[in-house]
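A structural walkthrough
So the chains spell out like this:
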Amino acid sequence: MNTKVISIITAYNPDHSQLNNLISNLLKQTDQVVICNNSDPKEDLGKFVDNQNIHLINFSENLGIAKAQSIGMQWAFDNGADFVLQMDQDSTPHEDMVQQLLHCYLEMSAAGRNPGLVGVQDYDRVTGEINKARVKKGTAITDNYYDVDSTLSSGSLIPKKAWEAVGGMRDDLFIDAVDHEYCWRLRHAGFKIIRNKNALLAHRLGDGRFKIMNLISVGMPSPFRHYYATRNIFLLLREKHVPLFWKVSSLIKLAGKVAFYPIFLPKGKERLSFFLRGIKDGLAGKRGILK
């Protein structure tokens, strides 16, 4: 089966050395690389377009990860892609990651499972710790393939037929929960979300992890991310295709974060301010970029 895979990197003021390594890595595994540049206008990424297999789309402003990914998907499929591979700028795929994803897709398709997205097994590129769901681990199909509710956007392989069925990402969410919502929308349309444990991706979320009272390890995003994460919970509570488990668990987790993060994490007052504004705007139904 001859397939064309185009990688989409969503970039926002990236580390140039890291971006260069990622592009080189992806060109060995996929046919083309599209860089969707959400960076400030002064951030020129033109130097990375050194051959015909790299395409740069400059937005001259931050459109958010969702809209950037959607524009990249449209370009890729308009230019002959059978699959797109979504990538974050700070991720590092193993050298056989795409091969593993394609193999999983073909195997699951042959088995009649109708995969709409095949995701990776990510791990922390600093600590080496495997990212594992604490509760919703998914259903094992084989020793290495799992049917899951949702998975990480970075490293996700999406076939054209899935995009034709549900379209691109939700622009109004801007940043947080974009990957989860897309997976839920695919599932609602009758597709399966498959995670392949053999497809490995080194990744880093936010600013790493922080231990509260030396007991509980939590992710530590930048303070402004609390706004989008909080607001989008309330926006997605209205959606029928969003799992009830996520709605309930997200509200419980949010209550704990609002109570403890401002006290124990750095920049506590700033975090609390973003939490409260996210709640207010979420209840009011505000969408898009924070203004």
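Use the structure listed above.
Since the structure is predicted, the reported quantities are computational estimates derived from the model, not experimental observations.

**Overview of the packing of helix α6 (residues 225-236) against helix α7 (residues 244-264)**
- Between α6 and α7, the least distance of the axes is 10 Å, while the angle of their chain directions is 145°. Crossing hand, α6 versus α7: left-handed. Across from His 226, Thr 230, Asn 232, Ile 233, Phe 234 and Leu 236 in α6, the residues of α7 making contact are Trp 246, Lys 247, Ser 250, Leu 251, Leu 254 and Tyr 261.
- Residue classes in the contact of α6 with α7 are distributed as 7 nonpolar, 4 polar and 1 charged.

**Thoughts on the layout of surface pockets**
- Empty space within the second largest pocket amounts to approximately 170 Å³.
- Here the residues of the lining of the second largest pocket are counted per class, giving 2 nonpolar, 2 polar and 4 charged.

**Regarding the packing of α7 against helix α8 (residues 268-284)**
- Two elements in contact, α7 and α8, have axes whose closest approach is 8 Å; the angle formed by their N-to-C orientations is 155°. In this view, α7 runs roughly antiparallel relative to α8, as classed from their interaxial angle. For the pair α7 and α8, the sense of crossing is left-handed. Residues Leu 254, Lys 257, Val 258, Tyr 261 and Pro 262 of α7 form the contact with α8, whose own contacting residues are Gly 268, Arg 271, Leu 272 and Phe 275.

**So, unusual backbone geometry**
- The backbone of Ser 60 sits at a positive phi, close to 65°, despite the residue not being glycine.
- Looking at where Ser 60 falls in the secondary structure, it is placed in the loop between β3 (54-58) and α2 (65-78).
- Phi is positive for Phe 174, which is not a glycine, with a value near 70°.
- Relative to the elements of secondary structure, Phe 174 occurs in the loop between α4 (160-166) and α5 (178-188).
- When its relative accessible area of 4% is taken as the criterion, Phe 174 is described as buried.

**What about the packing of aromatic side chains?**
- For the coordinates displayed, the defined rule picks out 8 aromatic pairs.
- Their ring planes at 25° and their centres at 5.1 Å tell us that Phe 174 and Tyr 228 sit as a pair that is stacked. Of the two residues, Phe 174 sits in the loop between α4 and α5 while Tyr 228 sits in helix α6, which places them 54 residues apart along the sequence. Of the two residues, Phe 174 and Tyr 228, neither departs from the other in class, the shared state being buried.
- Here the aromatic residues Phe 174, Phe 224, Tyr 227 and Tyr 228 are joined through ring pairs into a cluster of three or more.

**Quick word on the pattern of salt bridges**
- Counted by the stated rule, this structure contains 11 salt bridges.
- Residue Arg 187 pairs with Asp 147 through a salt bridge whose shortest N-O separation is 3.4 Å. Taken together, the positions of Arg 187 in helix α5 and Asp 147 in strand β8 (residues 145-147) put the pair 40 residues apart, joining distant regions of the chain.
- Overall, Arg 187 belongs to the partly exposed group, its relative accessible area being 33%.
- We note a salt bridge from Arg 170 to Glu 181, for which the minimum N-O separation is 3.6 Å. Residue Arg 170 is located in the loop between α4 and α5, and its partner Glu 181 is located in helix α5; the two are separated by 11 residues in the primary sequence.

Rules used in this analysis
Residues numbered from 1 in each chain as written. Predicted model: local features only at pLDDT ≥ 70, side-chain atom pairs only at ≥ 80, totals over all residues. Heavy atoms only, no water. Axes fitted to C-alpha atoms, helices over the stretch in contact; angles between N-to-C directions. Helix = DSSP H or I, 4+ residues; strand = E, 2+ residues; numbered from the N terminus. Left-handed = near helix turned anticlockwise from the far one by under 90°. Contact = heavy atoms within 4.5 Å. Nonpolar A, V, L, I, M, F, W, Y, C, P; charged D, E, K, R; others polar. 1 Å grid on protein atoms, 1.4 Å probe; cavity = no way out; pocket = protein on both sides within 12 Å on 5 of 7 lines; lining within 4 Å. Points joined across faces, edges and corners; volume = space filled by probe spheres on them. Parallel < 35°, antiparallel > 145°, perpendicular 65-115°, else oblique. Buried < 20%, exposed > 50% of the residue type's maximum accessible area, 1.4 Å probe, protein only. Phe/Tyr/Trp six-rings, centres within 6.5 Å; stacked < 30°, edge-to-face > 60°. Salt bridge = Lys/Arg side-chain N within 4 Å of Asp/Glu carboxyl O.

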